[in-house]
Amino acid sequence: MPEIRFRIRWCDGTEDTCYSPSLIVKQYFTPNQTYDLDDFVDRSRTALQIASDRVKAKYGYPCGLALGQLEEIEAKAQQYCHLPDPQVEFLQFIE
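Predicted model only: the values in this text are computed from it and were never measured. Numbers given to residues run from 1 along each chain, matching the order in which its sequence is written. Local features in this predicted model are restricted to residues of pLDDT 70 or higher, and side-chain atom pairs are both shown and tallied only at a pLDDT of 80 or more, whereas totals for entire chains, interfaces and linings draw on every residue. Each side-chain value is worked out from all heavy atoms of the structure, with water and hydrogens disregarded.

### Digging into the overall build of the protein
Link 1 in the chain: Along the backbone of the protein there are 2 helices and 4 strands.
Link 2 in the chain: Secondary structure elements of the protein occur, N-terminal to C-terminal, as β-β-β-α-α-β.
Link 3 in the chain: Our radius of gyration is a C-alpha quantity, and the globule rule it is checked against amounts to 2.2 Å times the number of residues to the power 0.38. Taken over C-alpha atoms, the radius of gyration comes to 13 Å for the protein, in line with the 12 Å a tight globule of 95 residues would show.
Link 4 in the chain: Taken along its principal axes, the extent of the C-alpha atoms in the protein is 40 × 25 × 20 Å. Helix and strand definitions here come from DSSP, where helices need a minimum of 4 consecutive H or I residues and strands a minimum of 2 consecutive E residues; each element is numbered from the N-terminal end.

### Considerations on the packing of aromatic side chains
Link 1 in the chain: Each pair of aromatic rings taken from Phe, Tyr and Trp, with Trp reduced to its six-membered ring, is defined by centres within 6.5 Å and is described as stacked if the planes are under 30 degrees apart, edge-to-face if over 60, and tilted in the remaining cases. For the structure shown, the criterion picks out 9 aromatic pairs.
Link 2 in the chain: Where Phe 29 meets Phe 90, the ring centres are 5.0 Å apart and the plane angle is 5°; that geometry is what we call stacked. In this pair, Phe 29 is assigned in the loop between β2 (15–20) and β3 (33–36) and Phe 90 in strand β4 (residues 87–94), connecting sequence segments 61 residues apart.
Link 3 in the chain: Residue burial is assigned from relative accessible area. The probe radius is 1.4 Å, only protein chains are included, and a residue is buried under 20% of its type maximum, exposed over 50%, and partly exposed in between. Judged by its relative accessible area of 3%, Phe 29 is buried.

### Looking at the environment of Glu 72
Link 1 in the chain: As for its position among the elements, Glu 72 is in helix α2 (residues 64–78).
Link 2 in the chain: In this structure the C-alpha to C-alpha distance between Glu 72 and Glu 89, which are 17 residues apart in sequence, comes to 16 Å.

### Here's the deal with the side chain of Ser 22
Link 1 in the chain: For Ser 22, the position within the fold is in the loop between β2 and β3.
Link 2 in the chain: Identification of polar contacts relies on pairs of N or O atoms within 3.5 Å, with a donor-acceptor requirement for protein atoms, meaning one able to donate a hydrogen and the other able to accept it, and with residues adjacent in sequence counted only if both atoms are side-chain atoms. Among the polar contacts made by the side chain of Ser 22, one reaches the side chain of Arg 54 at a distance of 3.1 Å.
Link 3 in the chain: The criterion used for residue contact is that any of the two residues' heavy atoms lie within 4.5 Å. Dropping the residues within four chain positions of it, Ser 22 is found in contact with Pro 2, Glu 3, Ile 4, Ala 51 and Arg 54.

### Points about the nonpolar core
Nonpolar side chains in soluble globular proteins tend to be buried together.
Link 1 in the chain: Here, the term nonpolar core denotes a set of buried Ala, Val, Leu, Ile, Met, Phe, Trp, Tyr and Cys residues that are joined through side-chain atoms within 4.5 Å. Among the nonpolar cores identified, the biggest contains 26 residues, and Ile 8, Trp 10, Phe 40 and Phe 90 are the most heavily contacted of them.
Link 2 in the chain: Secondary structure elements with two or more residues in this core: β1 (4–9), β2, α1 (37–59), α2 and β4.
Link 3 in the chain: By residue number, the principal contributor to this core is α1, which donates 7 residues.

### Some details on the packing of α1 against α2
Link 1 in the chain: Put simply, α1 and α2 touch, their axes get as near as 9 Å, and they point 170° apart. In terms of their interaxial angle, α1 and α2 are classed as roughly antiparallel. Judged by residue contacts, Leu 37, Phe 40, Val 41, Ser 44, Arg 45, Leu 48, Gln 49 and Ser 52 of α1 engage Ala 66, Leu 67, Gln 69, Leu 70, Ile 73, Glu 74 and Ala 77 from α2.
Link 2 in the chain: Residues of the contact of α1 with α2, tallied by class, amount to 9 nonpolar, 4 polar and 2 charged. Each axis is a line fitted through C-alpha atoms, taken for helices only over the stretch in contact, and angles between the N-to-C directions span 0 to 180 degrees. Roughly parallel refers to an angle under 35 degrees, roughly antiparallel to one over 145, roughly perpendicular to one between 65 and 115, and oblique to any angle outside these ranges. Three classes are used: nonpolar for Ala, Val, Leu, Ile, Met, Phe, Trp, Tyr, Cys and Pro, charged for Asp, Glu, Lys and Arg, and polar for all others, with Gly counted as polar.

### Observations regarding the pairing of β4
Two faces belong to every sheet, and in a regular strand the side chains alternate between them.
Link 1 in the chain: Should DSSP find at least two bridges between two strands, the strands are regarded as paired. Strand direction decides the pairing type here: β1 and β4, joined by 5 bridges, are antiparallel. For Arg 9, the partnering residue across the bridge sits in β4 and is Glu 89.
Link 2 in the chain: In the sheet, β3 pairs with β4 via 4 bridges, with the strands oriented antiparallel. For Tyr 35, the partnering residue across the bridge sits in β4 and is Val 88.

As structure tokens, then:
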């Protein structure tokens, strides 16, 4: 199963490199595009859950790395939810 990493820039300018065990994230994000915080979290939740489910279908157990990445995204997003119009910039896929 091909894995992929992707870089994002949070509302405060900090950047993170995120992980997915599946290329499904390419169907949910576009490089150099900015997303509203809630939309970014929703897209991440959907894509990483699908990625984890694909691992489960193939290996019999969900992907802890994908679910852990989702937890990190959700936790970090909480830091910015109080801001007016918080946005996340999707920078690039790293293949």
